Amino acid sequence: MGQKLKIAGWIALGAMAGALTTVQVQAVARGTLAPLPLEELQQLAAVFGMVKTDYVEPVDEKKLISDAISGMVASLDPHSQYFDKKSFKEFREGTSGRFVGVGIEISMEDGLVKVVSPIEGSPAFRAGLKPNDLITKIDDAMVKGMTINDAVKRMRGEPSTKVQLTIFRKDENRSFPVTITREEIKTQSVKSKVVEPGYAWMRVSQFQERTVDDFARKLEEIAKESPQLKGLVLDLRNDPGGLLDAAVAISAAFLPENVNVVSTNGQLDESKFVYKAAPQFYLRRGGNDPIKRLHDNTKGLFKTVPLVVLVNEGSASASEIVAGALQDHKRGVIMGSQTFGKGSVQTVRPLGPDTALKLTTARYYTPSGRSIQAKGIVPDVLVDETEEGNLFAALRTREADLTSHLGNGQDKNVDKPDAATLKAREEARERARVRLEEETRKNPNQRLMPEYGSDKDFQLQQAINRLKGAPVLASKTQTERPEEKKDN
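Bear in mind that the values here come from a model prediction, so they are computed numbers and not experimental data.

Q: It is not clear to me how the pairing of strand E8 (residues 174-181) should be interpreted in this structure. Could you clarify?
A: Consecutive side chains of a regular strand alternate in pointing toward one face of the sheet and then the other. As judged from the 8 bridges shared by strand E7 (residues 162-169) and E8, these two strands associate in the antiparallel manner. If you follow lysine 162 over to E8, its bridge partner there is threonine 181. Between E7 and E8, which pair antiparallel one after the other, the connecting turn spans 4 residues, and asparagine 173 there sits at a positive phi close to 50 degrees.

Q: Would you take a moment to explain the side chain of serine 271 for this structure?
A: One can find serine 271 in the loop between strand E13 (260-265) and strand E14 (273-276). Judged by its relative accessible area of 6%, serine 271 falls in the buried class. Residues contacting serine 271, with those up to four places away along its chain left out, are Thr264, Asn265, Gly266, Thr361 and Ala362.

Q: Would you mind going over helix H4 (residues 61-74) with me for this structure?
A: What sets the pattern is the α-helix's 3.6 residues per turn: residues three or four places apart point alike. Between its terminal C-alpha atoms H4 stretches 20 Å, which fits the 20 Å expected from 14 residues at 1.5 Å a residue. The backbone nitrogen of lysine 62 has a side-chain oxygen 2.9 Å away, supplied by the residue at the start of H4, namely aspartate 60.

Q: What should I look at first to understand the nonpolar core in this one?
A: Grouped burial of nonpolar side chains is what soluble globular proteins tend to show. Core analysis: the largest hydrophobic core is formed by 52 residues, its most contacted members being Phe207, Phe215, Leu219, Leu232, Leu234, Phe254 and Phe302. Sequence-distant contacts of leucine 234, that is, excluding residues within four places in its chain, are made with Met202, Val204, Phe215, Phe254, Leu307, Val308, Val309, Leu310, Val322 and Leu326. Of all hydrophobic cores here, the second largest spans 22 residues; its members include Leu129, Met146, Val163 and Ile180.

Q: Even after reading the chapter, I still don't get the sheet that holds strand E12 (residues 231-235), so can you show me in this structure?
A: The pairing of strands in a sheet happens through backbone hydrogen bonds and is either parallel or antiparallel. In space, the 6 strands of this open sheet follow the order E10-E11-E12-E15-E16-E19, with mixed pairing throughout. Edge positions in the sheet fall to strand E10 (190-196) and strand E19 (381-382), since each of these pairs with one other strand and no more. As defined by bridge partners, E10 adjoins strand E11 (residues 199-204) across 6 bridges and the pair is classed as antiparallel. Each residue of the ladder has a partner; that of glutamate 196, found in E11, is tyrosine 199.

Q: Would you explain helix H14 (residues 458-468) in this entry?
A: The complete set of buried residues in H14 reads Phe458, Gln459, Leu460, Gln462, Ala463, Ile464 and Leu467. On the buried face of H14, the contacting elements are E10, E11, E12, strand E15 (307-311) and strand E16 (333-336). The N-capping residue of H14, defined by a side-chain oxygen 3.4 Å from the backbone nitrogen of glutamine 459, is aspartate 457. Residue glycine 469 follows H14 closely and has a positive phi angle near 85 degrees.

Q: Where do I start with the packing of aromatic side chains in this structure?
A: Counted according to the given criterion, the structure contains 5 aromatic pairs. With a centroid separation of 5.9 Å and 20 degrees between ring planes, the pair formed by phenylalanine 83 and phenylalanine 88 is classed as stacked. Under the relative-accessibility criterion, phenylalanine 83 is labelled buried at 2%. Seen from the ring of tyrosine 452, arginine 237 lies directly overhead, with NZ or CZ sitting 3.9 Å from the centre.

Q: Quick question: what am I supposed to make of the pairing of E7 here?
A: Here strand E5 (residues 134-138) runs beside E7; their pairing, made up of 4 bridges, is antiparallel. Each residue of the ladder has a partner; that of lysine 137, found in E7, is threonine 166.

Q: What exactly am I supposed to notice about the confidence of the model for the protein chain here?
A: Detailed reading of predicted coordinates is not advised where the pLDDT is low. With 83% of its residues at a pLDDT of 70 or more, the protein chain has an overall mean of 84. Here residues 1-32 scores under 50 on pLDDT; set against residues more than four positions off or in separate chains, the count is 38 contacts.

Q: How should I be thinking about the packing of helix H3 (residues 38-54) against H4 in this particular structure?
A: The angle between the axes and the distance between the axes are what describe a pair of packed helices. At their nearest, the axes of H3 and H4 sit 11 Å apart, and the two run at 140 degrees to each other. Between H3 and H4, the crossing angle belongs to the class labelled oblique. With respect to the hand of their crossing, H3 and H4 are arranged in right-handed fashion. On H4, the residues that touch Phe48, Val51 and Lys52 of H3 are Glu61, Leu64 and Ile65. Partitioning the contact of H3 with H4 into residue classes produces 4 nonpolar, no polar and 2 charged.

Q: Please explain the environment of lysine 137 as it appears in this structure.
A: As for its placement among the helices and strands, lysine 137 is situated in strand E5. Each C-alpha atom, one on lysine 137 and one on leucine 165, is 5.8 Å from the other, the two residues being 28 residues apart in sequence. Aside from chain neighbours lying at most four places away, what touches lysine 137 is Met142, Val143, Gln164, Leu165 and Thr166.

Q: When you look at the pattern of salt bridges in this model, what are you seeing that I'm missing?
A: Pairing is possible between side chains of opposite charge, provided their charged atoms come close. This structure, assessed with the given rule, holds 19 salt bridges. The partner of arginine 217 in a salt bridge is aspartate 214, and the shortest N-O contact between them spans 3.1 Å. Taken together, the positions of arginine 217 and aspartate 214, both in helix H8 (residues 211-225) and 3 residues apart, correspond to about one turn of that helix. Note on aspartate 214: relative accessible area 6%, which makes it buried. Notably, a salt bridge pairs glutamate 270 with arginine 349, separated by 3.6 Å at the nearest N-O pair. Highlighted residues: glutamate 270 in the loop between E13 and E14 and arginine 349 in strand E17 (residues 344-350), separated in sequence by 79 residues. Judged by relative accessible area, glutamate 270 falls into the exposed class, the value being 51%. Owing to a relative accessible area of 23%, arginine 349 belongs among the partly exposed residues under this scheme. Among the ionic contacts, a cluster of salt bridges with common partners joins Asp133, Arg169, Glu172 and Arg174.

So, how was this worked out
Residues numbered from 1 in each chain as written. Predicted model: local features only at pLDDT ≥ 70, side-chain atom pairs only at ≥ 80, totals over all residues. Heavy atoms only, no water. Pairing = 2+ DSSP bridges. Helix = DSSP H or I, 4+ residues; strand = E, 2+ residues; numbered from the N terminus. Buried < 20%, exposed > 50% of the residue type's maximum accessible area, 1.4 Å probe, protein only. Contact = heavy atoms within 4.5 Å. Expected span 1.5 Å × (residues − 1). Polar contact = N/O pair within 3.5 Å; in protein donor to acceptor, adjacent residues only side chain to side chain. Core = buried A, V, L, I, M, F, W, Y, C linked by side-chain atoms within 4.5 Å. Phe/Tyr/Trp six-rings, centres within 6.5 Å; stacked < 30°, edge-to-face > 60°. Lys NZ or Arg CZ within 6 Å of the ring centre and 35° of its normal. pLDDT = per-residue confidence, 0-100. Axes fitted to C-alpha atoms, helices over the stretch in contact; angles between N-to-C directions. Parallel < 35°, antiparallel > 145°, perpendicular 65-115°, else oblique. Left-handed = near helix turned anticlockwise from the far one by under 90°. Nonpolar A, V, L, I, M, F, W, Y, C, P; charged D, E, K, R; others polar. Salt bridge = Lys/Arg side-chain N within 4 Å of Asp/Glu carboxyl O.

Here it is in structure tokens:
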């Protein structure tokens, strides 16, 4: 027994020499009374030793252990993740809305990086890059064959360093190099405009650290521009989520004070919590309250203004919290397509100065107690993406399609799809893929879907119609996604 304890001990230290004391090895898992599984830890030690001594090439011990941790966490669900030094830095940049780079929104076209839009005021903007420019080389590396993530990593770097981009400008039929000095970029997650007198559009593309401040400021600008506001469209389409406190704050901008916004429930006591529409539930320590400022400066306009919320299959997590809260309190009409269904909460726990664990610690529930996990928010009015229907929605993946996704926690039927459901989805995806290829060939240089907020945005037009009391062209084909039978 003593030898078993020693083996388990050095594995717990990361396969370093030495052994832990009996008390240390038998430390219990947090929140449980179960001792560590010594037999399985011995197997892990044995595998580590065999790989280290018998593999065809020498292996890096630290990488082996890091990969083992990554595999263990990744097997839990699609959203739990081990962050090494590099991925932790990228994660923090994503939630802060700040990163060091050139400042362009990009997509891929014909294997090249296409500039969708330079971020206003960024180095790329000042260098004269334009929408639809194609990037063919990044420094000396050809872009053809790169993934979009590879291209992003090459364009990001340290502040004040330079990167050379080779640009092909189609409308001028010429290629030319541009040398850009990287700097910190602040992304804009909120856009807004007055669509027509009395009716405004507010888009939130992600819930970041700066989102609430920008959101409140944009609404104040709308109130000044349109003091007789008759209706607002809150656009959460393709919003993948982000920070929970930002979602609570944005919900609080429209809801009565102190009503429930979202609740969470997990194993730990700290994961059992109810978030309300009040400053103490969304304000960070020492911060100002932009939602109170908004309420004071607009005399409570946005607590009562008629509201439509647009969502689709890409609306997930924090955006589903907002949509669910507004729907349950009957504060707004939800329109669009059934949402993604990510109803789980991830907590980031630092493991050291440069590494961390992102772990699913709870499910979240709407004010009426609905679990959204693997199901999503079903709109009050189902509306297609275009007048011709939902052209490419079948290509989008939802939470319930992800391998090892977390169950619903309430309805055990909302879990794994049966064979017939999977076959029907695959057939729908194939039809959408063929149509996408045909449309791309016919319109090689055109945007296939209208830009959100533009005058060709069909769902926005239907939302404005709803606010005006005019007829809405609801979908004739969309239905609530059927509950999926779980294999026992």
